[in-house]
Amino acid sequence: QGKGLFATKNIRKGETVFVERPVVSSQFLWNALYNYRACDHCLRALETAEENAQRLLGKSSLVLPHPEQCSIRKDLHQQCPRCQVTYCSAECRQAALEQYHQVLCLGPSRDDPAHPLNKLQEAWRNMHYPPETSSIMLMARMVATIKQAKDKEWWVKAFSQFCSKTANEEEEIVHKLLGDKFKGQLELLRLLFTEALYDEYLSRWFTPEGFRSLFALVGTNGQGIGTSSLSQWVHACDALDLPMLQREELDAFIDQLYKDIEKESGEFLNCEGSGLYVLQSCCNHSCIPNAETSFPENNFLLHLTALEDIEAGEEICISYLDCCQRERSRHSRNKILRENYLFTCSCPKCLAQADDADVTSDEEEEGEGETDDAELEDEMTDV
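Being a predicted model, the structure only gives us computed values, none of them experimental.

## Side note on the overall build of the chain
Of regular secondary structure, the chain possesses 16 helices and ten strands. The C-alpha radius of gyration computed for the chain amounts to 22 Å, which stays within 12% of the reference 21 Å derived for 383 residues, consistent with globular compactness. Viewed in the frame of its principal axes, the chain has a C-alpha envelope of about 65 × 60 × 45 Å. Counting every position in the chain, which comprises 383 residues, the buried fraction comes to 49%. Long-range pairs, those at least 24 residues apart, make up 74% of the contacts in the chain between residues at least 6 apart in sequence. Per element, the accessible surface of the chain, about 18700 Å² overall, is 49% carbon and sulfur. Where the 38 positive side-chain charges of the chain centre and where its 64 negative ones centre are 8 Å apart.

## Quick look at the sheet that holds strand 2 (residues 24–27)
If you walk across this open sheet you meet the three strands as 2-6-5, and the pairing is antiparallel. Of all the strands in the sheet, just strand 2 and strand 5 (223–227) have a single pairing partner and so form its edges. If you compare each strand with its neighbour and ignore which way they point, the axes differ by 30° on average. Here four bridges tie strand 2 to strand 6 (residues 271–276), and the two strands are oriented antiparallel to one another. The residue bridging serine 25 from the neighbouring strand is glycine 275, located in strand 6.

## Digging into the domain arrangement of the chain
For interface size, the figure often reported is the accessible area lost on association. Examined at the domain level, the chain breaks down into domain 1 (5–21 + 277–355) and domain 2 (24–224). Measuring from the centre of the C-alpha atoms in domain 1 to the corresponding centre in domain 2 gives 25 Å. Taken residue by residue, the interface counts 15 residues in domain 1 and 18 residues in domain 2. Surface buried jointly by domain 1 and domain 2 totals about 1400 Å² across both partners, of which 52% is contributed by carbon and sulfur atoms. The largest share of the area that domain 1 buries against domain 2 comes from Asn298, Phe300 and Leu342, three residues that together contribute 40% of it. Scanning the region where domain 1 abuts domain 2 turns up zero salt bridges. Of all elements in the fold, only helix 11 (278–282) and helix 13 (330–341) reach the threshold of two or more residues within the side of domain 1 that touches domain 2. Across the side of domain 1 that touches domain 2, the residue classes break down as seven nonpolar, six polar and two charged.

## Comments concerning the nonpolar core
Ranked by internal contacts, the top residues of the largest apolar core, which has 86 residues, are Ile136, Phe159, Leu189, Phe193 and Phe215. In terms of residue count, helix 4 (residues 136–148) provides more of this core than any other element does, nine residues in total. Built from parts of two domains, this core gets at least three residues from each of domain 1 (5–21 + 277–355) and domain 2 (24–224). Ignoring sequence-local partners within four residues, the contact set of phenylalanine 215 consists of Trp124, Ile136, Met139, Val174, Leu177, Leu178, Leu186 and Leu189. Counting 19 residues, the second-largest nonpolar core is a separate cluster that includes Cys70, Leu250, Ile254 and Leu269.

## Considerations on the side chain of glutamate 47
Along the chain, the position of glutamate 47 falls in the loop between strand 2 and helix 1 (49–57). One polar contact links glutamate 47 to asparagine 52, side chain to side chain, over a distance of 3.2 Å. A polar contact of 2.4 Å, which involves the side chain of glutamate 47, links it to the side chain of arginine 55.

## A closer look at the packing of helix 2 (residues 90–104) against helix 4
Between two packed helices, the angle of one axis relative to the other and the distance separating the axes together describe the packing. Taken N-terminus to C-terminus, the directions of helix 2 and helix 4 make an angle of 105°; their axes are 8 Å apart at the nearest point. The orientation of helix 2 with respect to helix 4, classified from their angle, is roughly perpendicular. Contact residues: Leu97, Glu98, Gln99, Tyr100, His101, Gln102, Val103 and Leu104 in helix 2; Met137, Ala140, Arg141, Ala144, Thr145, Lys147 and Gln148 in helix 4. Taken together, the residues of the contact of helix 2 with helix 4 break down into seven nonpolar, five polar and three charged.

Definitions and cut-offs
- Residues numbered from 1 in each chain as written.
- Predicted model: local features only at pLDDT ≥ 70, side-chain atom pairs only at ≥ 80, totals over all residues.
- Heavy atoms only, no water.
- Helix = DSSP H or I, 4+ residues; strand = E, 2+ residues; numbered from the N terminus.
- Rg over C-alpha atoms; globule rule 2.2 N^0.38 Å.
- Buried < 20%, exposed > 50% of the residue type's maximum accessible area, 1.4 Å probe, protein only.
- Contact = heavy atoms within 4.5 Å.
- Areas by Shrake-Rupley, 256 points an atom, 1.4 Å probe, with all protein chains shown as cover.
- Lys, Arg positive; Asp, Glu negative; His and termini not counted.
- Charge placed at Lys NZ, Arg CZ, Asp CG, Glu CD.
- Pairing = 2+ DSSP bridges.
- Axes fitted to C-alpha atoms, helices over the stretch in contact; angles between N-to-C directions.
- Domains from an automatic or database assignment.
- Buried area = accessible area lost by both parts, 1.4 Å probe.
- Salt bridge = Lys/Arg side-chain N within 4 Å of Asp/Glu carboxyl O.
- Nonpolar A, V, L, I, M, F, W, Y, C, P; charged D, E, K, R; others polar.
- Core = buried A, V, L, I, M, F, W, Y, C linked by side-chain atoms within 4.5 Å.
- Polar contact = N/O pair within 3.5 Å; in protein donor to acceptor, adjacent residues only side chain to side chain.
- Parallel < 35°, antiparallel > 145°, perpendicular 65-115°, else oblique.

Printed below as a string of structure tokens:
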């Protein structure tokens, strides 16, 4: 788990504990193949809420009411003049250029399958099918950031703050990320990674042991990021002060929209990626968390919000499980945590259920992967 994060003052339920920018982040490589369009730096959705809904529904004629509640500003969008990667603003384009993009810019080779970076990305797609839980490009941006940095040691120390694992734990994480079918291909990834990004200063990251450690660091500490202009529009509409009849009509429209999108697009709803957050990575897990992470600004800024009152000195805990998984048995919850994070939970809920049988009920097995409409709506809007 994390190193532990404790409240320095009393925090009220609903209060923002902190807002954090990632040390480095990257959108998932499958986004492009699903036509998700997000800022290449901050992951802000680039399409309007209406365009977002039209794409997810496969219905170009759809018109959303209250279009003024959409915050997307297309007039501010900019592209890298060399490789045409798109950003939501001049500020993001400049931030990317200054931190890592000079190293990663493909220029005129953007569509060249023989370019080392394109070979690396294609190999990752072939090994790590959606839904993605990590990205080789998060590691690439770590390397590129250090290669571009004037103070390289500062960045090395920044990345060293994240939790590390022992060699055998690293193997487990690698195998979990790649799956049994591809676990033997870590060496191929390493060779492609080396061809694309090798740097003498970081030579230890390119050895078999160092690459496995880097891979495990991202797999263990990476925080999923989800952004959606549609969910932002929904939140903005929820806040509108409308007459009762108009409110009922709008709510009914949104409910039906979600149901139609679920039928058409399933679970691939948001622009998604992952990032490394120093404070968030310190938070330990609890099956009854007192705080939760979200991305209400439709970009990579992580908000940690208190779910209940937290007293000064009390540990701040988040859940590494989603809402559905937290409602399952202690045995099922810990099976997921052991497989994905290599620990057994001893939170108050798990301790209270310590005498429960170590079995997974038939009902639970049948319910795996099922999501009701209310839960789906939560997943789509809580970003």
